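The lines below spell out each chain.
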Amino acid sequence: MNVFTGQCKAARVANHVASEREQLRSMVELDFAPGDIAILDRGFHGDSVFLCFEDHRQFYLCRMRSAEQRRDAKIHEFLCSGKKEQTLSIEVARATGKVVQIPIRLLLGPKDSEGKHVVLATNLLDLKTYSRKSLLELYCTRWRVETMYGRVKTLLQLENFHARTYNGVMQEIFANLLLISLTALVIL
């Protein structure tokens with residue numbers, strides 16, 4: 001979803017065993033353009049996801065897991081450092097086995113509702129063009145996506161399909177996405 005216009009940018013529909021990260025990589029490859037910025041929630045972080053954005057010359061701003069039992073070593077070290085931001089290089093193995101280095105920038109945000117610090121990772125490395133404050137503000141626009149999901153689930157009752165066939169269900173899903181996009185266009 002374009003967080004500024006409220007319009008749907010791309011969508012994927014898959015069954016319950018499909019990988020959300022694979023769906024994201026598909027969107028990066030097929031639906032996003034070089035220079036686009038994706039604002040991602042905690043479930044989408046990962047070195048291979050970050051590498052996919054690098055390979056397609058696209059940008060990401062991703063919330064990292066910061067809960068003590070779920071965070072990785074680089075996030076733990078960053079939180080212990082007391083720094084508000086840090087750029088580091090991570091090693092990522094390609095499918096071919098070749099290991100490459102990619103730079104990431106970590107940003108310390110405010111505490112969330114559970115009292116844990118929000119940590120963001122990005123490949124927007126230029127400190128003058130992309131200040132920490134502006135990136136934290138940009139991440140906050142992601143809440144509009146959650147609001148849109150809420151509308152889909154409650155107002156449009158997307159989880160209660162009228163159709164009983166695959167094609168019918170797909171028509172309902174995409175008709176609802178079209179309705180949301182058209183409504184956003186009228187509001188804009």
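For the structure, check the block above.
It should be emphasised that the depicted structure is a prediction, and the values quoted were computed from it without experimental measurement. (Residues numbered from 1 in each chain as written. Predicted model: local features only at pLDDT ≥ 70, side-chain atom pairs only at ≥ 80, totals over all residues. Heavy atoms only, no water.)

(A) Representation of the layout of surface pockets in the model. Here the largest pocket defines a volume of roughly 1700 Å³. If you go around the largest pocket, you meet 41 residues; those closest to its centre are Ala10, Met27, Phe44, Val145 and Tyr149. Only α1 (20–30), β1 (37–40), α5 (143–154) and α6 (166–187) provide two or more residues apiece to the lining of the largest pocket. A per-element tally of the lining of the largest pocket places α5 first, with 6 residues. Looking at the lining of the largest pocket, its residues break down into 26 nonpolar, 6 polar and 9 charged. (1 Å grid on protein atoms, 1.4 Å probe; cavity = no way out; pocket = protein on both sides within 12 Å on 5 of 7 lines; lining within 4 Å. Points joined across faces, edges and corners; volume = space filled by probe spheres on them. Helix = DSSP H or I, 4+ residues; strand = E, 2+ residues; numbered from the N terminus. Nonpolar A, V, L, I, M, F, W, Y, C, P; charged D, E, K, R; others polar.)

(B) A look at the pairing of strand β3 (residues 85–93). As defined by bridge partners, β3 adjoins strand β4 (residues 99–111) across 9 bridges and the pair is classed as antiparallel. Counterpart to Glu85 in the pairing with β4 is Leu107. Between the antiparallel neighbours β3 and β4 lie 5 residues, among them Gly97 with a positive phi of about 100 degrees. (Pairing = 2+ DSSP bridges.)

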